[in-house]
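Secondary and tertiary structure notes
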Amino acid sequence: MHVPLYQAKADFFRMLGHPVRIRVLELLQHGPVPVRDLLADIDIEPSSLSQQLAVLRRSGIVVSIREGSTVSYALAGGDVAELLRAARRILTELLAGQNQLLSQLQQAETTAAEVSGAGSLFTGRGSPRPTP
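Residues numbered from 1 in each chain as written. Predicted model: local features only at pLDDT ≥ 70, side-chain atom pairs only at ≥ 80, totals over all residues. Heavy atoms only, no water.

Bringing the pairing of strand S2 (residues 62–67) into the picture now. With six bridges connecting them, S2 and strand S3 (residues 70–75) associate as antiparallel partners. Its bridge partner being in S3, Glu67 is matched across the sheet by Thr70. (Pairing = 2+ DSSP bridges. Helix = DSSP H or I, 4+ residues; strand = E, 2+ residues; numbered from the N terminus.)

In structure tokens:
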């Protein structure tokens, strides 16, 4: 069965669409990490972490490495780390744009308050109101 490329991409991003999976991938960017360390860094039940690791493993994004009784996970390739870096750059740009908009809104609000405050000193005829 042929799957269109856009559908395959959507499935890929849907697979990434879980906070625990993203956190695991972030932790694996610097090399293999034992499951016990992943559990220490992520506040999650062991069974839930196991489920999320299984999803990542089935997708081929991570691989498991067994050394004695220790099981570690590692990224299957460097492209995932690059994808996470790209996501950080995109989010940084989006948030910078939102901060710029927020700053403009705050400036407009301050200006409106100053104009409103100055206008409240006058009556409808332009003469100053008496101060109490």
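The next subject is the sheet that holds S2. If you walk across this open sheet you meet the three strands as S1-S3-S2, and the pairing is antiparallel. Since the sheet does not close on itself, it has two edges, and those belong to strand S1 (33–34) and S2, each with one partner. Across the sheet, helix H2 (residues 19–28) lies against S1, S2 and S3, angled at about 90° from S3, the strand it touches most. Strand contacts of helix H4 (residues 46–59): S2 and S3, with the helix running at about 110° to S2, the strand carrying the most contacts. (Contact = heavy atoms within 4.5 Å. Axes fitted to C-alpha atoms, helices over the stretch in contact; angles between N-to-C directions.)

Further remarks concern the pattern of salt bridges. Oppositely charged side chains are able to pair whenever their charged atoms sit close together. Under the criterion given, the structure shown has four salt bridges. As a salt-bridge pair, Glu26 and Arg23 come within 3.3 Å of each other at their nearest N and O atoms. Of this pair, Glu26 and Arg23 both sit in helix H2, three residues apart, which is roughly one turn of the helix. Judged by relative accessible area, which is 34%, Arg23 ranks as partly exposed. In this structure, Glu82 engages Arg89 in a salt bridge whose closest nitrogen and oxygen atoms are separated by 3.2 Å. Residue class for Glu82 comes out partly exposed when judged on its relative accessible area of 34%. Judged by relative accessible area, which is 45%, Arg89 ranks as partly exposed. The structure contains a network of salt bridges with shared partners spanning Glu82, Arg85 and Arg89. (Salt bridge = Lys/Arg side-chain N within 4 Å of Asp/Glu carboxyl O. Buried < 20%, exposed > 50% of the residue type's maximum accessible area, 1.4 Å probe, protein only.)

What follows deals with the environment of Ser64. As for its placement among the helices and strands, Ser64 is situated in strand S2. In this structure, Ser64 is in contact with Arg57, Val71, Ser72 and Tyr73, ignoring residues within four places of it in sequence.

So, about H2. Among all positions in H2, only Val20, Arg21, Val24, Leu25, Leu27 and Leu28 are buried. Buried positions in H2, seen along its axis, are confined to an arc of 160° and lie on one side of it. (Arc of directions from axis to C-beta.)

Remark: the centre distance and the inter-plane angle together describe each pair of aromatic rings, the angle taken between the planes. Scanning all chains against the criterion turns up one aromatic pair. Relative to Phe13, the ring of Phe12 has its centre 5.4 Å away and its plane inclined at 75°; by these criteria the two rings are edge-to-face. (Phe/Tyr/Trp six-rings, centres within 6.5 Å; stacked < 30°, edge-to-face > 60°.)

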